[in-house]
Amino acid sequence: MPVDDFPEPPDWLGEHGLNEWRRLQPILSSRGLLTEVDWMAFSLLCQAWHDYIEATQKVAAEGIIAIGGGENGSEYQAPAVGVANKAWQRVIKGCQEFGCTPSARTGIVPKGGDGSEGEGSDQKARGVVGF
């Protein structure tokens, strides 16, 4: 069952993740898409967002190419690029779990949905998350 008083964010959540928690949690809760058992998955989604922002900021500051030490100083992908790519994959997977992508919303029934319009109806797919 959806809850009106969703648990508090975890202490370990990074700043960007906490900001996203505060933005998304009321939206998802009001639509009946968060329950108490979703706390862990939602926390991980928000932390993945934090990791993505941190890594992309590092890439923006330092570039996508790193230069190796040694005699030839060969170029390689900066480690933050890989971190950003992995975090992005985690963000998308978490967003899909909570209906935060257009394709994910097609199968989600909003709070109060009685199923009277049939599976996958346009009305069910529209405005579930409403960003």
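For the structure, see preceding data.
Here we summarise the structure given alongside this text. The structure presented is a predicted model; accordingly, all values stated were derived computationally and were not measured. Residue numbers restart at each chain and count upward from 1, following the sequence in its written direction. In keeping with the predicted nature of the model, local features appear solely for residues at pLDDT of at least 70, side-chain atom pairs appear and are counted solely at 80 or more, and the whole-chain, interface and lining totals rest on all residues. Excluding hydrogens and water, the side-chain values take into account all heavy atoms of the structure.

## Observations regarding the overall build of the protein chain
Helical segments are the DSSP runs of H or I of at least four residues, strand segments are the runs of E of at least two, and each set is numbered from the N terminus. Within the protein chain one finds four helices and two strands. Secondary structure elements of the protein chain occur, N-terminal to C-terminal, as α-α-β-β-α-α. Within the protein chain, buried positions represent 37% of all 131 residues. Residues count as neighbours in contact if any of their non-hydrogen atoms are within 4.5 Å of one another. Across the protein chain, the fraction of contacts at a sequence separation of at least 24, relative to all contacts at a separation of at least 6, is 60%. Split by element, the accessible area of the protein chain, about 8100 Å² in all, is 52% carbon and sulfur. Exposure classes here rest on a 1.4 Å probe applied to the protein chains alone. A residue is buried below 20% of its type maximum, exposed above 50%, and partly exposed in between. For the accessible areas, the method is Shrake-Rupley and the probe is 1.4 Å, while residue cover comes only from the protein chains on display.

## With respect to the packing of helix 1 (residues 15–30) against helix 2 (residues 39–62)
Working convention: axes come from line fits to C-alpha atoms, limited for helices to the stretch in contact. Angles between N-to-C directions cover 0 to 180 degrees. Relative to each other, helix 1 and helix 2 sit at 135 degrees, their axes nearing to 8 Å. Judged by the inter-axis angle, helix 1 sits oblique to helix 2. Two packed elements cross with a definite hand, and for helix 1 against helix 2 that hand is right-handed. Along the contact surface, helix 1 presents Glu15, His16, Gly17, Glu20, Trp21, Leu24, Gln25 and Leu28, while helix 2 presents Trp39, Phe42, Ser43, Leu45, Cys46, Trp49, His50, Ile53, Glu54 and Gln57. Each residue belonging to the contact of helix 1 with helix 2 can be placed in one class, and the counts come to nine nonpolar, six polar and three charged. Reported orientations rely on four angle classes, namely roughly parallel under 35 degrees, roughly antiparallel over 145, roughly perpendicular from 65 to 115, and oblique for the rest. Here a crossing is called left-handed whenever its near helix is offset anticlockwise from the far helix by less than a right angle, and right-handed whenever the offset is clockwise. Classification used: nonpolar for Ala, Val, Leu, Ile, Met, Phe, Trp, Tyr, Cys and Pro, charged for Asp, Glu, Lys and Arg, polar for all others including Gly.

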